[in-house]
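Close look at the chain arrangement
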Amino acid sequence: MNDHETANHYRMALAGNPNCGKTTLFNALTGSTAYVGNWPGVTVEKKSGKVRYRNDTMEITDLPGIYSLVPYSPEEAIAGRFLKHEKPDLIINIVDASNIERNLYLTTQLMELQIPLVIALNMMDVVEKRGDSIDCALFSRLTGIAVVPISASKGEGLSELLKAADSAAKGPAAYHHIPKPGAGCADPDTALADARYRYIGKISEKTVKKHSASVKSASEKIDSVATNRFLAIPVFFLLIILVFYITFGSVGSFFVHGVDFFITDFFSPRAGAALAALGASPWVRSLIVDGIIAGVGAVLKFLPQILLLFLLLSLLEDSGYMARAAFIMDAPMRHIGLSGRAFVPLLMGFGCTVPAVMGTRILESEKDKRLTILITPFMSCSAKTPVYSLFIGAFFAGSRPLVMFLIYAFGIVIGLLSALLFKNSILKGKPAPFVMELPDYRLPTIKTVWLHVRRRIGDFLQKAGTSVFIATVAVWLLQSFTVRLQMTDDSSNSIIAAVGRAIAPVFTLCGFGTWKPTVALLTGLVAKESVISTMSVLYSGNLTDALRANFTALSACSYLIFVLLYTPCIAALSAVRREMGSLKWTAVTAVYQLLAAWYFSAMFYQCALFIQNLLCK
C-alpha cells in the first residue's frame, strides 16, 4: 500500500475460548489497560480499542471467552448477539494451539457466519516447548483461512497477524465449508456436531504432530500436587498464608514505616513551615497540615502493602493457579448452594467489591448471582486493609500476618454461614453446573503483572485523591465548627461530635460507644479508607498512641470486626443496585450486612469481656 491509497476503517472482533489469551492479545494490539487474568470470566462485557496498520484503522472488540455460539451462558449470548447482529468486517479467532482440537469447535461455528475470518494460533511457544509442531501453511490450505502463529504474551507474530487481518478484511469470506449432514437425519443438531468434530479431527490429524502423548507436561506434574484430592486445599491455604506473611509481615511493614516517616516526620513539618513563611492564617495551616496531609497521608502510608498484595495475587492469577483454585473450591462451595464458578467474583472481592459484584454476570442462574452478591462484601476489600494494618500495628504488632489472616478468614466464615442461611430460606435451589478448563501453567510476564497492579494501585490513589480527600476536608470543617457555626478549637463541641454522640450509644455493647470511632464508621460509607483519614483528623498527635489511649485490645478487635462486616461503600451499593436490578434486594444486602456487623461485633466483645472477667477473679 502506498501513502496515497485510500485509508480504510475496519471493525474487527476477537473471539475465542476462555483462557486462549484473547484479552492478552487485545492489550498487546491496542495498548489497553483492561485486566488480563488467567481464570474464566475476566472479560464479562466486550471491550474496544483501536490500532493502526499502515493507512488503515482497525477498531477491535474483545468479546467474552466462549466455547460455542449457542447461548447457554451470558458470555455466549453477548458474543453471539454482537457477531450476528453487528456484523464486524472481520473475526480474529484466537485458538489455543496447545489445545487445538477443543478450540476449533468454535472456529467451525464462526465459519458458518459468512464473515471474513483469520485464525491466530496463540501459545505456539508452549507447543514448541512440548516438542510438538503445527503445519500452519497446510492448515491454511485445508481450511482456506489465513492461519498465523503467535505468542500474545511475548508479542511474537503480531505484525504478521495485523497484515493477514488487513488483507482478509478487504475480501469476501472465502474458505472451505464444513460438510453438512444429509437430509432426513433423526437428530440434525447431533449430526451437525458430529460433522464438525469429524472435520476437526481430519484437520488436526494432518497438521498437528505431537512429540509423545505418554510424557507428562510440566502443568500435569504440578497439578498432581496442586489439584490432588488430599493436598489441594492445604496447598491453597499455605499459598494464601505466604501472601499474607510477605504483605503484612516484616517486608510490608518496613515499607509502610518508611512512607509514614516521610509523610509525618519530613513532609508535614516542612509543609507547615512553608505555609507559615507564606503568611497563611492558622486555620488554613490547620486545614492543610492537620486535615488534608494528616488524613490522606494516613491512608497513603499503606500503599506499599496494597501494592505487595496485588502483586502477589496477580502472580498467582497469571500463572494459572487461580483457575485451579476455582476448580478446587467447587465441591466445598456446593455445600453452601454455589458452584466453583462463583469463586471468581468472590476472589475479586478481596480487591474491590465493585468489579466483584459486576463479575457475577458470569453466573447463569439468577439465584446463584443474588447469593454471590449478598456474600461478596464479606470478602474483605483492599480499602479496609489500611484500617486493619493501623489497629494491628497498635495492638498486635508482634503477630501482624497471623492476625491479618484471621480477620480475612473470619470474613470468609461469615460469608459462608450467610450463604447457608440464604440457601435454606429466601434463595433455595440447586447450584448451576460448573464446567471449566484448566489452562497450562505459565510464567507471568512483567507487562501483564504491571497492567494488573497499575490498575489496582490507580484505583487506590484515585480514591485517596477524591473520596478520601473530600471526606477529610469535610470532617475537618465539621469538627472545626459548632452547631451554631462558630469556629472552635475543641472538637467535642463541634457539629460532627453532636452527630457522633447521637449515634454512639448504639455501639456501647460493641465496646466503642464514643463519638469519634462512630463518626469514622460513618465516613467509611463513602470510602472505607476514610475511616483512617477521619481518625487522623479527630485524634490529635500520633494516631497509634491515640488508639492505644482510646481502645483496649478487646474493643479494637470488636471495631475491626465491625469494619470487616458492615455495609460496603456507596459505589459498591450502586453496583449491587445495578446488578440486582431491585431496590428491595439492595436494601436487604445493606441492612443484613449492617446487622451482621453489629451482632458479631457486640457478641465478640461481650463474650470476650465475660471470659476476661472470669479469668481475673
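Residues numbered from 1 in each chain as written. Predicted model: local features only at pLDDT ≥ 70, side-chain atom pairs only at ≥ 80, totals over all residues. Heavy atoms only, no water.

Concerning the sheet that holds strand 7 (residues 146–149)
Convention followed: Paired strands are those between which DSSP finds at least two bridges. In this description a helix means any DSSP run of H or I spanning at least four residues, a strand means any run of E spanning at least two, and both kinds are numbered starting from the N terminus. Angles here are taken between N-to-C directions and fall from 0 to 180 degrees, while the axes themselves are lines fitted to C-alpha atoms, restricted in helices to the stretch in contact.
Here 6 strands make up an open sheet; going across it, the order is 2-3-1-4-5-7 and the pairing mixed. Each edge of the open sheet is held by one strand with a lone partner, namely strand 2 (47–53) and strand 7. Pairs of neighbouring strands in the sheet enclose a mean axial angle of 25 degrees, with direction left out of account. One ladder, built from 4 bridges, connects strand 5 (residues 117–122) with strand 7; its direction is parallel. Counted as the bridge partner of Ala120 is Val148 from strand 7.

Focus on helix 26 (residues 570–580)
Basically, it comes down to this: Type-normalised accessible area, obtained with a 1.4 Å probe on protein chains alone, sets the label of each residue: buried when under 20%, exposed when over 50%, and partly exposed for intermediate values. Directions are taken from the helix axis to each C-beta atom, and the arc is the one they span. In what follows, a contact means two residues having at least one pair of non-hydrogen atoms within 4.5 Å.
All of the buried residues in helix 26 are Ala572, Ala575, Val576, Glu579 and Met580. The arc that holds the buried residues of helix 26, viewed along the axis, is 120 degrees, so those residues lie on one side. Of the residues in helix 26, the exposed ones pointing more than 90 degrees away from the buried face are Ile570 and Arg578. Buried-residue contacts for helix 26 involve helix 15 (353–358), helix 16 (366–375) and helix 27 (583–616). Two residues or fewer after helix 26 comes Gly581, characterised by a positive phi angle close to 65 degrees.

Structural notes on the nonpolar core
Short version of the rule: Put simply, buried Ala, Val, Leu, Ile, Met, Phe, Trp, Tyr and Cys residues joined by side-chain atoms within 4.5 Å make one nonpolar core.
Counting 112 residues, the largest nonpolar core has Tyr321, Tyr388, Phe391, Met535, Phe551 and Tyr559 as the members making the most contacts within it. Setting aside residues up to four positions removed in sequence, Tyr559 forms contacts with Phe391, Phe512, Pro517, Ala520, Leu521, Val531, Met535 and Phe551. By size, the runner-up hydrophobic cluster in this structure holds 34 residues, among which are Leu69, Phe82, Leu110 and Phe139.

Side note on the pairing of strand 3 (residues 56–62)
Of all 7 residues in strand 3, 6 are buried, a share of seventy percent or more. The sheet contact formed by strand 1 (residues 9–16) and strand 3 spans 6 bridges and is parallel. By the bridge assignment for strand 3, His9 is matched with Thr57. Taken together, the 7 bridges between strand 2 and strand 3 define a ladder with antiparallel strand orientation.

Describing the side chain of Arg341
If you trace the backbone, Arg341 turns up in the loop between helix 13 (321–334) and helix 14 (343–348). Residues in contact with Arg341, not counting those within four places in the same chain, are Glu75, Ile362, Leu363, Glu364 and Phe434.

As for the pattern of salt bridges
To keep it simple, the criterion reads: Criterion for a salt bridge: a side-chain nitrogen of Lys or Arg within 4 Å of a carboxyl oxygen of Asp or Glu.
Under the counting rule described, the total for this entry stands at 14 salt bridges. The partner of Asp330 in a salt bridge is Arg334, with the nearest N and O atoms 3.3 Å apart. Pair noted here: Asp330 and Arg334 are both in helix 13, with a separation of 4 residues, about one helical turn. Since its relative accessible area comes to 16%, Asp330 is described here as buried. A relative accessible area of 29% places Arg334 in the partly exposed class. Two residues, Arg548 and Asp545, come together in a salt bridge whose shortest N-O distance is 3.7 Å.

Overview of helix 16
Rule in force here: Here a polar contact is recorded for every N or O atom pair within 3.5 Å, except that within protein the pair must consist of a potential hydrogen donor and a potential acceptor, and residues adjacent in sequence are included only if both atoms are side-chain atoms.
Burial analysis of helix 16 places 8 of its 10 residues in the buried class, the great majority of the element. Packing partners of the buried residues in helix 16 comprise helix 14, helix 15, helix 18 (400–423), helix 26 and helix 27. At the N-terminal boundary of helix 16, the capping side chain belongs to Ser365, with an oxygen 3.2 Å from the backbone nitrogen of Lys367.

Observations concerning a nonpolar patch on the surface
Rules: Each patch is built from residues lacking any salt bridge and having more than 30% relative accessible area; the joining distance is 9 Å for like charges and 5 Å for nonpolar side chains (Val, Leu, Ile, Met, Phe, Trp, Tyr). Under the convention used here, a 1.4 Å probe and the Shrake-Rupley method define accessible areas, while residue burial counts only the protein chains that appear.
Together, Val506, Leu509, Trp598, Tyr599 and Met603 make up an exposed nonpolar region whose accessible area comes to about 450 Å². Within the secondary structure, Leu509 sits in the loop between helix 21 (495–503) and helix 22 (515–523). In this structure Leu509 comes out as partly exposed when scored by relative accessible area, which is 45%.

Concerning the environment of His335
Along the chain, the position of His335 falls in the loop between helix 13 and helix 14. On a C-alpha basis, the gap between His335 and Ala79 in space is 32 Å, while along the polypeptide they are 256 residues apart. Excluding residues within four positions of it along the chain, His335 makes contact with Leu420 and Lys423.

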